[in-house]
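Listed here are the chains, written in short residue letters.
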Amino acid sequence: MRPIHLLVLGMLLMLATDISAAERLSVYTVNYPLAYFAERIGGDQVEVVFPAPADVDPAYWMPDQSTITAYQQADLILLNGANYAKWVSKVSLPRSKTVDTSRSFKDRYIYSSEVTTHSHGATGTHAHESLAFTTWLDLSLAKLQAEAIYKALALKRPTAEVEFKGNFQALSDNLDQLHSQIREIVARGPGRALLGSHPVYDYLSAGYRINLRSVHWEPDEVPTVSQWNDLNHILEEHKAQYMLWEVGPLPGSTAELNARGITNVVFSPGGNKPDNGDFMSVMQQNITNLKQAFQ
């Protein structure tokens, strides 16, 4: 082939790549699980952006103005619903582009009578309000959120609906497998008492009928004397031997818990992108860790 022909061919390939990139749907999400679902379902048809920094809790993160503008200009904005991502209620987002992925199961939202405000980490002071929002920890609800994403993408790009449906079905099967694994594990010890270090496990507890009581502890802080006393009172009636943590706590906290006969179990909610792996590998590791609490 002549050099001029090679040059023309190369230019055509570059042009085709640019056109393909330009045709991809721009999808912005408010947490990592939704980003993962959108990537799995959308495939090459989408460009998924989850802009929250790695060191923050996306539920309490506030994007800067340029990031908000990027959200506003996206083809789709995927919201978690259940009052997740507090910043959403403070800005104007195009209704025609926003998708509340938990809208179909609003009747299954979990409310608490307790509201706790505290401060930790880069996100500063925040409140754990009456409405629980880590909906995806019940994998049956995560599947409904994925389905909402599939339907939204199909509406935006009908020509790719068959592709989206096939990708959604593969993801749905994976979520069903995780769901079944957790149910089988919990069935080994029905009613077994567990503790949660933080009030983020409401949907996990309700979805799999786990007898769980939560406190408001941070893994990077040593509990106060008052917090230890409160735990002692809980243990008088709630004979738990395992505590779920988002990440492993400080050695001093672990030693004090061990002295009370309590073993730590890491169960990451996965709201932000993991350093390694993806949503499926994080949940699979959670399941592996959970097994020890139901031996």
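No experiment lies behind these values; they were computed from the predicted model shown.

Asker: Could you clarify how one ought to interpret the sheet that holds strand β1 (residues 25-29) in this entry?
Answerer: Where strands meet in a sheet, backbone hydrogen bonds hold them as pairs that are either parallel or antiparallel. Read from one edge of the open sheet, four strands run β2-β1-β3-β4, paired in parallel fashion. With partners counted over all chains shown, the strands left at the sheet margins are β2 (46-49) and β4 (98-100), one partner each. Neighbour-to-neighbour, the strand axes of this sheet turn through a mean angle of 25 degrees, independent of strand direction. Bridge count for β1 against strand β3 (residues 76-79) is three bridges, and the pairing is parallel. Note that in β3 the partner of Y28 across the bridge is I77.

Asker: Help me understand the confidence of the model for the protein in this model?
Answerer: Low pLDDT means the predicted atomic positions in that stretch should not be read closely. Here the protein averages 90 in pLDDT, and 87% of its residues register 70 or above. Ignoring residues within four places in sequence, the model shows residues 15-19, a span with pLDDT below 50, making zero contacts including any to other chains. Across residues 115-128 the pLDDT falls below 50, and counting only partners more than four positions away or on other chains, this stretch makes 36 contacts in the model.

Asker: Any chance you could explain unusual backbone geometry here in plain terms?
Answerer: In terms of backbone geometry, most residues other than glycine have negative phi values and most peptide bonds are trans. Within the chain, A82 stands out as a residue other than glycine whose phi angle is a positive 55 degrees. Structurally, the position occupied by A82 is in the loop between β3 and β4. With a relative accessible area of 4%, A82 lands in the buried category. The backbone phi angle of N83 is positive, close to 65 degrees, even though this residue is not glycine. Summarising the element assignment, N83 is placed in the loop between β3 and β4.

Asker: What am I meant to see in the side chain of H238 here?
Answerer: Mapping H238 onto the fold places it in the loop between α7 (225-237) and β9 (242-245). We classify H238 as buried; its relative accessible area is 6%. One polar contact links the side chain of H238 to the main-chain carbonyl oxygen of L194, over a distance of 2.8 Å. The contact partners of H238, leaving out residues within four places of it in the chain, are A193, L194, L195, N211, L212 and R213.

About the cut-offs
Residues numbered from 1 in each chain as written. Predicted model: local features only at pLDDT ≥ 70, side-chain atom pairs only at ≥ 80, totals over all residues. Heavy atoms only, no water. Pairing = 2+ DSSP bridges. Helix = DSSP H or I, 4+ residues; strand = E, 2+ residues; numbered from the N terminus. Axes fitted to C-alpha atoms, helices over the stretch in contact; angles between N-to-C directions. pLDDT = per-residue confidence, 0-100. Contact = heavy atoms within 4.5 Å. Buried < 20%, exposed > 50% of the residue type's maximum accessible area, 1.4 Å probe, protein only. Polar contact = N/O pair within 3.5 Å; in protein donor to acceptor, adjacent residues only side chain to side chain.

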